[in-house]
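Take a look at the letters that make up each chain.
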Amino acid sequence: MAFLLVVVSVVVAIHLYLWHRLVRATTRPGRVRTGLTLTVAGLFLLVLGTFGGMRLESLSWLSWPGYAWVAIMFYLLVFLLVLEVPRAVAGVLVRRRAEVKEPASVVVASAPEVSEPVSVVVASVPEVNGSAASVPARTPDVPVDASSPGGASPPVDAPSPVGAPSPGGDMSRRLFLGRVTAAVAGASALGTVGYGVTVALGDPVIEPVKVTLPGMDSRLGGLRFAVVSDIHLGPLTGRAHTERIVRMINGLEADVVAIVGDLVDGSVERLGALARPLRGLESRYGSYFVTGNHEYYTVNGPGEWIEELGELGVRSLRNERVEIRHQGAVLDLAGVNDLNGAATGDGPDFAAALGGRAERRTTVLLAHQPVQAVQAARHGVDLQLSGHTHGGQMVPFNLVIPLQQPVVSGLGTVDGVQVYVTRGAGFWGPPIRVGAPPEITMLELR
């Protein structure tokens, strides 16, 4: 319940921020602002309906519009936050430029015109040393304005304050900056989402990876695993999604196919037809599956999918292992349940999957989450194959994943165990991938 409240609070905060930057900062009070405000409120309710409908198959029709808005919402938030600093700087520059263009008004009074010659009365003074001196008797006459009370000259208007804008000037500047910022963020978000959709719905990338395992029997050299994870069969995917993945895996001619969790986002009744192409998977030593966290989110739990996959020729490794015999040598292939199964008593059991093995035998572990390598290290695992992270799926989520998982994507090491994390062949939530294209891994042991 607490987690749900946090999610709702975050979604509310994001929509309030988007309203402030995209509506309030770009419109004047009136019908347009009211209409856009109602639109933002409606989009907020759409997000809640989409998340709430993930487990209600009757609301699956909300998936496309809901998740499309979630993606746009996210990248609008990202670009608007990035633009906050240049927006603030631009605001300061615009104000300073306005001040320079509107200097103080200075009124210079012109000297009055003299309409009559200046009369000078020369007064006689006593002779000094026998001669008389002449001095002016008064100053020149200055005409006055008869219309002024008391004949006083009209007062000179006081100058306006420096840089004072004309009425409405500040509002115009704010609207201009707000609209430019909204336009840039909107175009960037739509462009990013459009690109991400084409990547997510396109063919997965084939990632060739060679892993050296010290101490491995040399006869196992060249053993190849086709690794796929996070296919996420659901309301936004179709049967063609599964068919394409099967076709690409078969083209690799792998020795082992490993499906490391999050295959589905729904029940067998709803998605069984989408999974049937898995019956066509081809490999020398078989196809294997371990549960991911999303198998435990389905209405009926993972049990029905374990049974369904068995009928499709895909064996589930539920805290157990099998022997892969290759060119006279033996490799232990083990699998553990996802961590989310612990809530229902179906969590990982490393002792059951890895206990009692032959000494010095190379072991490859299938475990959905990379963090499970911490426990795998205590049981002498040589290599763990995982998924779960989607490689971040949408930049900049890849920067947040290390807070929970030790490896985001690719080959890493956790407590001495080599861990390869595939980005997954599907997507969860918004049907977009930015900076993390879908992947099928061709992993070869050395």
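Residues numbered from 1 in each chain as written. Predicted model: local features only at pLDDT ≥ 70, side-chain atom pairs only at ≥ 80, totals over all residues. Heavy atoms only, no water.

Observations regarding the overall build of the chain
For the chain, the helix and strand inventory stands at nine helices and 14 strands. Here the contacts in the chain between residues at least 6 apart in sequence split such that 74% fall between residues at least 24 apart. Accessible area for the chain stands at about 22,800 Å²; split by element, carbon and sulfur atoms hold 60% of it. (Helix = DSSP H or I, 4+ residues; strand = E, 2+ residues; numbered from the N terminus. Contact = heavy atoms within 4.5 Å. Areas by Shrake-Rupley, 256 points an atom, 1.4 Å probe, with all protein chains shown as cover.)

As for the sheet that holds strand β10 (residues 363-366)
Taken in spatial order, the six strands of this open sheet run β8-β9-β10-β11-β13-β12, and their pairing is mixed. What marks the edges here is a single partner per strand, and that holds for β8 (320-326) and β12 (410-414). Adjacent strand axes in the sheet meet at a mean angle of 25°, parallel and antiparallel pairs treated alike. The sheet contact formed by strand β9 (residues 329-335) and β10 spans four bridges and is parallel. Note on β10: the bridge partner recorded for D332 is T363. (Pairing = 2+ DSSP bridges. Axes fitted to C-alpha atoms, helices over the stretch in contact; angles between N-to-C directions.)

Looking at helix α7 (residues 303-311)
The α-helix winds at 3.6 residues per turn, so residues separated by three or four positions along the chain end up facing the same way. All buried positions along α7 are accounted for by W305, I306, E308 and L309. Buried residues of α7, viewed axially, fall in a sector of 165°; they line one side. Turned more than 90 degrees away from the buried face of α7, the exposed residues are E307 and E311. Residues of α7 that are buried make contact with α6 (268-275), β6 (287-290) and β7 (314-316). Immediately beyond the C-terminal end of α7, within one or two residues, lies G313, with a positive phi of roughly 90°. (Buried < 20%, exposed > 50% of the residue type's maximum accessible area, 1.4 Å probe, protein only. Arc of directions from axis to C-beta.)

Focus on the pattern of salt bridges
Pairing between side chains becomes possible if they bear opposite charge and their charged atoms approach one another. Tallied over the entire structure, the rule returns 13 salt bridges. Ionic pairing is found between R284 and D255, a salt bridge with its closest N-O pair at 3.4 Å. With R284 in the loop between α6 and β6 and D255 in the loop between α5 (239-252) and β5 (256-260), the pair connects residues that are 29 residues apart, well separated along the chain. According to the relative accessible area criterion, D255 is buried, its value standing at 4%. (Salt bridge = Lys/Arg side-chain N within 4 Å of Asp/Glu carboxyl O.)

Side note on the packing of aromatic side chains
Tallied over the full model, the rule gives five aromatic pairs. Measuring from ring centre to ring centre gives 4.9 Å for F74 and Y75, while their planes differ by 75°; the resulting arrangement is edge-to-face. Both residues of the pair, F74 and Y75, count as buried. For the pair Y75 and F79, a centre-to-centre distance of 6.3 Å together with 40° between the ring planes defines the contact as tilted. With Y75 and F79 both in helix α3 (residues 63-101), this residue pair falls four residues apart, about one helical turn. Residue F79 is classed as partly exposed on the basis of its relative accessible area, which comes to 24%. (Phe/Tyr/Trp six-rings, centres within 6.5 Å; stacked < 30°, edge-to-face > 60°.)

Re the nonpolar core
Judged by nonpolar contacts, the single largest core of 29 residues is most densely connected at V228, I249, L263, L278, L281 and I440. Of all elements in the fold, only β4 (224-228), α5, β5, α6, α7 and β14 (439-445) reach the threshold of two or more residues within this core. Considering each element in turn, this core owes the most residues, five residues, to α5. Those residues in contact with V228, other than ones at most four positions away along the chain, are I245, I249, A258, I259, V260, A425 and I440. In terms of nonpolar packing, the next biggest core, distinct from the first, is built from 26 residues, V211, V227, V322 and L383 among them. (Core = buried A, V, L, I, M, F, W, Y, C linked by side-chain atoms within 4.5 Å.)

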